[in-house]
Amino acid sequence: MSAAVTFGGVIDLKIDLQARGARIPDWLHSRAGGAGPADGITVFLDGMPVTVPTGAWYVRRSPYEMRPSGESWELLLDGAAVCGLDVAGEPEYYRKTTPESVPYHKVALRHGRDGIGSTVVQGCVHGEGSCRFCAITVSAASGVTVPRKKPEDVARAASAALLEGYSHIVLTTGTTGDGDRGVEPLRRCAAAVKGEADMKVHVQFEPPGDPGLIDRIAEVADSVAINVESFDRDTLTRMAPGKSATGLAEYEIAWARAVKVFGAGQVTSFVIIGLGESEESVMEGCRLLTSMGVYPFLVPLRPLAGTLLEKWSPPGAEKMKGVYERAAAIVAESGLRASICDSGCVHCGACTAFTDITG
Ligand code: SF4
């Protein structure tokens, strides 16, 4: 692979690609379907993992195009070559199946460079109050995944992926109405993975009513995301009514408990940029999170097909750079770094340049 850009240039390119997406050949779309985060593909720019939107409406007018070049790929901007890149291939474990003949790619997908991910419960109790940007029920309806994963199947897929060098797994869930908000099904899957594979486990959930559940899941997981999504109360109420109803105080209780048992830097919260929030709310949120030992995972909005935001666009590159720069200063002052985190999205960093900037 070759790249005609410097390291700083690669970060700029990553930010711009995530803002505008890239056009790719139709056949790559069909091969990449379902792999990694929805409506996109994973590429490597000078070795840096980058998830790039390829399926959304705004991609059609993107100046970026990816096309095969010999054994590798080439990135073009307005028809002119920018650099070479690699496109993540399909893992071999995708061809294996569970004892009930469910292909492993319906159980866990490749994420970034060395991760896999599984949505343990592919549904959400919030219904009308569910997050406007979330596609969890879209993929459930499409049949590309198993609606509720069995712990033993997740462990089998993780074992197979481990043989190929995948070293961490992201276990997430829709919020369930079982009182534990989905933490127990996650814990069972995390325990099964730990029992079968020498793999780091990252879990993501909403604050459970009983913070003691965080202690229990910490026994079988290495890092955790408890995602508030936005610190702008009006924006959160519009975009994630269910989470807004939970209230920030409950998140703070959960973050504090999580830092106590997982350790500073192993706890994160997604902060989505581009939902209409004020920039000051992002900075206030970053100050709050870092003061607690929680790494703020700033990520640009990626409007997904089938969601209520599917006609939206991601925030522009200049806006993202400004937000990243200000927030990175807050993270640096706290002593936190993305590289502290040993698993999950902060460790992976393919969906944001913030982890590269705060490495
Ligand atoms: S940053 Fe998170 S969601 Fe994105 S590819 Fe990596 S593990 Fe998956």
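Calculation notes
- Position numbers for residues start from 1 in each chain and track the written sequence from start to end.
- Where totals are concerned, whole chains, interfaces and linings use all residues; where local detail is concerned, this predicted model gives features only for residues with pLDDT of at least 70, and gives and counts side-chain atom pairs only at 80 or more.
- Here a strand is any run of E in DSSP of at least two residues, a helix any run of H or I of at least four, and the numbering for each starts at the N terminus.
- Put simply, the radius of gyration uses C-alpha atoms, and a globule should come to 2.2 Å times the residue count raised to 0.38.
- Exposure classification rests on a simple neighbour count of other C-beta atoms within 10 Å of a residue's own: a residue reaching 20 or more is buried, one at 12 or fewer is exposed, and one in between is partly exposed. C-beta atoms are placed from the backbone.
- Residue pairs qualify as contacts under a 7 Å threshold applied to their C-beta atoms, which are placed from the backbone.
- One bridge is not enough; two strands pair if DSSP finds at least two bridges between them.
- The nonpolar core criterion groups buried Ala, Val, Leu, Ile, Met, Phe, Trp, Tyr and Cys residues into a set whenever they are joined through C-beta atoms within 7 Å.
- Here the limits of each domain have been adopted from an automatic or database domain assignment.
- Any residue qualifies as near a molecule or strand once its backbone-derived C-beta atom lies within 6 Å of it.
- Gly is put with the polar residues, along with every residue not named as nonpolar or charged; the nonpolar set is Ala, Val, Leu, Ile, Met, Phe, Trp, Tyr, Cys and Pro, and the charged set is Asp, Glu, Lys and Arg.
- To get an axis, fit a line to the C-alpha atoms, keeping to the stretch in contact for a helix; angles then go from 0 to 180 degrees between the N-to-C directions.
- By definition in this entry, angles of less than 35 degrees are roughly parallel, angles greater than 145 are roughly antiparallel, angles of 65 to 115 are roughly perpendicular, and the rest are oblique.
- Left-handed describes a crossing whose near helix is turned anticlockwise from the far helix by less than a right angle; the clockwise case is right-handed.
- A helix is expected to reach a length of 1.5 Å times the quantity of its residues less one.

Participant: For this particular structure, what's the right way to read the overall build of the chain?
Facilitator: Secondary structure assignment for the chain yields 13 helices and 12 strands. The C-alpha radius of gyration of the chain comes to 19 Å, within 12% of the 21 Å expected for a compact globule of 359 residues. With respect to the principal axes defined by its C-alpha atoms, the chain has extents near 55 × 50 × 35 Å. The buried share of the chain, taken over its 359 residues, is 53%. For the chain, contacts bridging at least 24 residues in sequence account for 72% of all contacts bridging at least 6.

Participant: What should I look at first to understand the pairing of strand 5 (residues 80-87) in this one?
Facilitator: As a general feature of sheets, a regular strand has side chains that alternate between the two faces. Sheet analysis places strand 1 (residues 40-45) next to strand 5, joined by 2 bridges and oriented antiparallel. When the sheet's bridge partners are listed, Val43 is paired in strand 5 with Val87. In this sheet, strand 5 lies alongside strand 4 (residues 72-77) in antiparallel orientation, the contact comprising 5 bridges. Each residue of the ladder has a partner; that of Trp73, found in strand 5, is Leu85.

Participant: Honestly, the nonpolar core in this entry has me stumped. Any pointers?
Facilitator: Where a protein is soluble and globular, its nonpolar side chains tend to be buried together. By size, the foremost hydrophobic cluster in this structure holds 102 residues, and its most contacted members are Ala108, Ala158 and Val193. Counting only domains with at least three residues in this core, you end up with domain 1 (7-87) and domain 2 (100-357). Judged by nonpolar contacts, the second largest core, of 5 residues, contains Ala38, Cys124, Ile136 and Leu304.

Participant: Just to check I follow, could you spell out the site of the ligand for this structure?
Facilitator: As a structural note, the neighbourhood of the ligand is formed by 13 residues, with His111, Gly112, Cys345, Cys348 and Cys351 the closest of them. Secondary structure elements with two or more residues in the shell around the ligand: strand 7 (115-119) and helix 12 (344-348). Its residues assigned to classes, the shell around the ligand shows 6 nonpolar, 7 polar and no charged.

Participant: Would you mind showing me how to read the sheet that holds strand 4 here?
Facilitator: One key point about sheets: their strands pair by backbone hydrogen bonds, in either a parallel or an antiparallel sense. One open sheet accounts for 5 strands, arranged 2-1-5-4-3; its pairing is antiparallel. Of all strands in the sheet, those bounded by a partner on one side alone are strand 2 (48-53) and strand 3 (64-69). When the angles between neighbouring strand axes are averaged without regard to direction, this sheet yields 45°.

Participant: Which parts of the structure should I look at to understand the sheet that holds strand 12 (residues 295-300)?
Facilitator: Taken together, the 7 strands give an open sheet; going across it, the order is 6-7-8-9-10-11-12, and neighbouring strands pair in mixed fashion. Edge positions in the open sheet fall to strand 6 (109-111) and strand 12, since each of these has one partner strand only. Along the sheet, successive strands turn relative to each other by an average axial angle of 30°, direction set aside. Where strand 10 (residues 223-225) lies against strand 11 (residues 267-273), 2 bridges are found, and the strand directions are parallel. Within strand 11, the position partnered with Val224 by the bridge is Val267. Packed on one face of the sheet, helix 9 (residues 248-262) meets strand 10 and strand 11 and runs near 135° to strand 11.

Participant: I keep staring at the domain arrangement of the chain and nothing clicks. Help me out?
Facilitator: Interface size is commonly expressed as the accessible surface area that is lost when the partners come together. In terms of domain boundaries, the chain breaks down into domain 1 (7-87) and domain 2 (100-357). In this complex, domain 1 contributes 22 residues to the contact, which on the side of domain 2 involves 29 residues. Top element by residues in the side of domain 1 that touches domain 2 is helix 1 (residues 7-20). It accounts for 6 residues. Tallied by class, residues from the side of domain 1 that touches domain 2 come to 13 nonpolar, 6 polar and 3 charged.

Participant: Any chance you could explain the packing of helix 10 (residues 279-292) against helix 11 (residues 317-334) here in plain terms?
Facilitator: In helix packing, the relevant descriptors are the interaxial angle and the interaxial distance, both defined with respect to the helix axes. For the pair helix 10 and helix 11, the least separation of the axes is 9 Å and the interaxial angle reads 15°. When the axes of helix 10 and helix 11 are compared, the pair comes out roughly parallel. In this structure, helix 10 crosses over helix 11, and the sense of that crossing is right-handed. Note on element contacts: helix 11 touches helix 10 through Val323, Arg326, Ala327, Ile330, Val331 and Ser334, opposite Glu279, Val282, Met283, Cys286, Arg287 and Thr290. Residue classes in the contact of helix 10 with helix 11 are distributed as 7 nonpolar, 2 polar and 3 charged.

Participant: Is there a simple way to think about helix 9 in this case?
Facilitator: Quick reminder: α-helices carry 3.6 residues per turn. Residues three or four places apart thus point the same way. A rise of 1.5 Å per residue sets the reference length of helix 9, with its 15 residues, at 21 Å; its end C-alpha atoms lie 20 Å apart and thus fit the reference within 8%. Those residues of helix 9 not exposed but buried are Tyr251, Ala254, Trp255, Arg257, Ala258 and Phe262. Against the buried residues of helix 9 lie helix 6 (212-218), strand 10, strand 11 and helix 10. Once helix 9 ends, the next one or two residues include Gly263, with phi positive near 100°.

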